[in-house]
Amino acid sequence: MTARRLALSPAVARYFVPLLLLPLGACNWVVMSPAGDVALQQRDLILVSTLLMLLIILPVMAMTVWFAWRYREKAKAKDYDPDWDHSTSLELLIWAAPLLIIIALGAITWTSTHLLDPYRPIERLDHERKVDPTAKRLQVEVVALDWKWLFIYPELGIATVNELAAPIDQPIEFKITSSTLMNSFFIPAIAGQIYAMPGMQTVLHAVANKPGNYEGFSANYSGAGFSNMRFRFHAMDQRGFDQWVAKVKATGTPLDRATYVKLEQPSEKVPPKYFASVEPRLFHAALNMCAQPGKRCMDDVMMTDMHGGGGKESAHDTQGLRHDGTIDVGGFHPVEPGKKGEIAQPSGMTPAADRTPAAQGNEAPGQKDADGHMGNHMGGHHGH
């Protein structure tokens, strides 16, 4: 009995082989084919680093197969030496090659870390054109909300939700923060990702060189609506950008603090929204967690702390300090925790803003506690 060789006919192969490539259909190669110079330099860094590492990986893989084949039991190689234990030339090769590659990778990483620092203004539009020192940078203030993105153009007096636009070949400076959880601002086509954190500001400089409609998203998990926290970035010529700005101003509504507070509330799959005007210093309020009227801004609180605090009288001055434990949804009136729109406190807990040092058992000298006793003790013992 003879075994038949299994062979695929050309017709079967023509239909079967594409099925093997089907899993690659979901791959997005935008990182390897970017539209901005910063992302292009990052792409080159990935390629160079990969090639340098392959200089070691490929020879090692090839030699592993070659040694296994050459010194297999049936080969009976003439140069087989089971008592061999040292080779100076081989030792030099084993240690020198990786060392040289590590030095090269270290030099590339060090220079790229400084040249591609997101806080560093870009110095070129592409590999042939430098940035004009007198050129104006487009300012965009970014606020990560649950679960959407707010973009404020302070110089243009407009704002948008889940839609961003910029002219090509114009440097862009993003100032980024978050209203609640930490997110990550990422437009793969023009630059790398950078974190958006509440109460903090990060900066990203970038430029778009090719017109197009690109995707941006959050690259850091931030809750239930994270998967849909996406926006579109439109790179266009100056004329198209001017028309886009005119459309926003013509069709948008005002963005004041009351509107912003409502916009802060969690929502998913939010379509693009336009705002024709923006209340002054709204980004400052979002950054310092004081968008709600009556809230004290964090920079003001930190300034007070830097100067030694507000004295013992400030223990009762809790007005405007409810940054945790309560969220007023639009009326700007105090409501008890647990009501609609509020973050309920765990059972048995008192909101931090209501707890004075006396209530916590750490009353200051001369201050009465909840029972009316004067606080003048050390370590729980009264002096005699």
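Residues numbered from 1 in each chain as written. Predicted model: local features only at pLDDT ≥ 70, side-chain atom pairs only at ≥ 80, totals over all residues. Heavy atoms only, no water.

Asks: So what's going on with the overall build of the protein chain? Residues and values would help.
Replies: From N to C terminus, the protein chain includes seven helices and 14 strands. Within the protein chain, the fraction of its 384 residues that count as buried is 34%. Summarising the internal contacts of the protein chain: among those between residues at least 6 apart in sequence, 63% fall at separations of at least 24. Here the protein chain has roughly 24,400 Å² of accessible surface; of this, 61% comes from carbon and sulfur atoms. (Helix = DSSP H or I, 4+ residues; strand = E, 2+ residues; numbered from the N terminus. Buried < 20%, exposed > 50% of the residue type's maximum accessible area, 1.4 Å probe, protein only. Contact = heavy atoms within 4.5 Å. Areas by Shrake-Rupley, 256 points an atom, 1.4 Å probe, with all protein chains shown as cover.)

Asks: Give a detailed account of the sheet that holds strand β1 (residues 138–145), specifying residues and quantitative values.
Replies: The strand order across the open sheet built from seven strands is β8-β5-β1-β2-β3-β12-β11, with neighbouring strands paired in mixed fashion. The sheet terminates laterally at β8 (202–206) and β11 (253–255), the two strands that pair on one side only. Between one strand axis and the next, the sheet turns by 30° as a mean value, whatever way the strands run. Bridge analysis of β1 against strand β5 (residues 172–178) gives seven bridges, and the strand direction is parallel. When the sheet's bridge partners are listed, Val140 is paired in β5 with Phe174. (Pairing = 2+ DSSP bridges. Axes fitted to C-alpha atoms, helices over the stretch in contact; angles between N-to-C directions.)

Asks: Quick rundown of the packing of helix α2 (residues 37–70) against helix α3 (residues 88–115)? Include the residues and the values.
Replies: α3 packs onto α2 with a crossing angle of 170° between their chain directions and a minimal axis gap of 9 Å. It follows from the interaxial angle that α2 and α3 lie roughly antiparallel. Within the contact between the two elements, α2 uses Leu45, Val48, Ser49, Leu52, Met53, Leu55 and Ile56 and α3 uses Ala97, Pro98, Ile101, Ala104, Leu105, Ile108 and Ser112. A per-class count over the contact of α2 with α3 returns twelve nonpolar, two polar and no charged. (Parallel < 35°, antiparallel > 145°, perpendicular 65-115°, else oblique. Nonpolar A, V, L, I, M, F, W, Y, C, P; charged D, E, K, R; others polar.)

Asks: Can you break down the state of the cysteines residue by residue, with the values?
Replies: What the rule picks out here adds up to one disulfide. Paired through a disulfide, Cys290 and Cys297 show a sulfur-sulfur distance of 2.0 Å. What sets the handedness of the Cys290 and Cys297 disulfide is the S-S torsion sign, and at about 75° it is right-handed. Given the relative accessible area of 1%, Cys290 is considered buried. (Disulfide = S-S within 2.5 Å.)

Asks: Quick one: what's the story with the confidence of the model for the protein chain, residue by residue and with numbers?
Replies: Mean pLDDT over the protein chain works out to 79, with 72% of the residues at or above the 70 mark. The low-confidence segment residues 1–6, where pLDDT is below 50, has zero contacts with residues more than four positions distant or belonging to other chains. Considering only residues more than four positions removed or in separate chains, one finds that residues 325–384, a stretch of pLDDT under 50, has 66 contacts. (pLDDT = per-residue confidence, 0-100.)

Asks: Account for unusual backbone geometry, naming residues and giving values.
Replies: The amide bond that connects Asp146 to the next residue, Trp147, takes the cis arrangement and shows omega of -15°. Within the chain, Arg281 stands out as a residue other than glycine whose phi angle is a positive 60°. Looking at the secondary structure, you find Arg281 in the loop between β12 (273–278) and α6 (282–287).

Asks: Please provide a residue-by-residue account of α2, values included.
Replies: Three- or four-residue spacings in an α-helix give side chains the same orientation, since the helix completes a turn every 3.6 residues. Along its 34 residues, α2 runs 48 Å from first to last C-alpha, staying within 8% of the 50 Å computed at 1.5 Å per residue. Those residues of α2 that sit buried are Asp37, Val38, Ala39, Arg43, Ser49 and Leu52. (Expected span 1.5 Å × (residues − 1).)

Asks: Got a sec to walk through the sheet that holds strand β7 (residues 194–196)? Specific residues and values, please.
Replies: If you trace the five strands from one edge of the open sheet to the other, you get β4-β10-β9-β6-β7, paired in mixed fashion. Each edge of the open sheet is held by one strand with a lone partner, namely β4 (163–167) and β7. For this sheet the average axis-to-axis angle between neighbouring strands, irrespective of direction, equals 30°. The strands that helix α4 (residues 238–251) touches are β4 and β10 (230–236); relative to β4, the one it contacts most, it runs at about 140°.

Asks: Talk me through the packing of aromatic side chains; I want residue IDs and the actual numbers.
Replies: Counting across every chain of the model gives 14 aromatic pairs. Here Tyr153 and Phe241 contribute two aromatic rings whose centre-to-centre distance is 6.5 Å and whose plane-to-plane angle is 50°, an arrangement assigned as tilted. Of this pair, Tyr153 sits in strand β2 (residues 148–153) while Phe241 sits in helix α4, placing them 88 residues apart in sequence. A single burial state applies to Tyr153 and to Phe241, both of which are buried. Measuring from ring centre to ring centre gives 5.7 Å for Phe185 and Phe231, while their planes differ by 5°; the resulting arrangement is stacked. In this pair, Phe185 sits in strand β6 (residues 183–186) while Phe231 sits in strand β10, placing the two residues 46 residues apart along the sequence. For the pair formed by Phe185 and Phe231, the shared burial category is buried. An aromatic cluster is built from Trp149, Phe151, Phe174, Phe185 and Phe231, whose rings are joined through pairwise contacts. Just above the ring of Phe217 sits the side chain of Arg230; from NZ or CZ to the centre is 5.3 Å. (Phe/Tyr/Trp six-rings, centres within 6.5 Å; stacked < 30°, edge-to-face > 60°. Lys NZ or Arg CZ within 6 Å of the ring centre and 35° of its normal.)

Asks: Provide a residue-level description of the nonpolar core, including the pertinent values.
Replies: Counting residues in each nonpolar core, the largest one holds 42 residues, and the members touching the most others are Tyr153, Leu164, Phe174, Phe185, Phe233 and Trp244. At the level of elements, β1, β2, β4, β5, β7, β8, β10 and α4 are the ones that each hand at least two residues to this core. Leu164 has contacts with Val140, Phe151, Tyr153, Phe174, Phe185, Ile187, Phe231, Arg232, Phe233 and His234, leaving out every residue within four places of it along the chain. Residues Val143, Ile152, Tyr260 and Ala285 belong to the second largest nonpolar core, which totals 19 residues. (Core = buried A, V, L, I, M, F, W, Y, C linked by side-chain atoms within 4.5 Å.)

Asks: Tell me about the pattern of salt bridges, residues and numbers included.
Replies: As enumerated under the stated definition, the model contains eight salt bridges in all. The residue Arg120 makes a salt bridge to Glu123 at a minimum N-O spacing of 2.9 Å. With a shortest N-O distance of 3.6 Å, Arg296 and Asp300 are connected by a salt bridge. The exposure class assigned to Arg296 is partly exposed, which follows from its relative accessible area of 23%. Among the ionic contacts, a cluster of salt bridges with common partners joins Asp126, Arg129 and Asp169. (Salt bridge = Lys/Arg side-chain N within 4 Å of Asp/Glu carboxyl O.)

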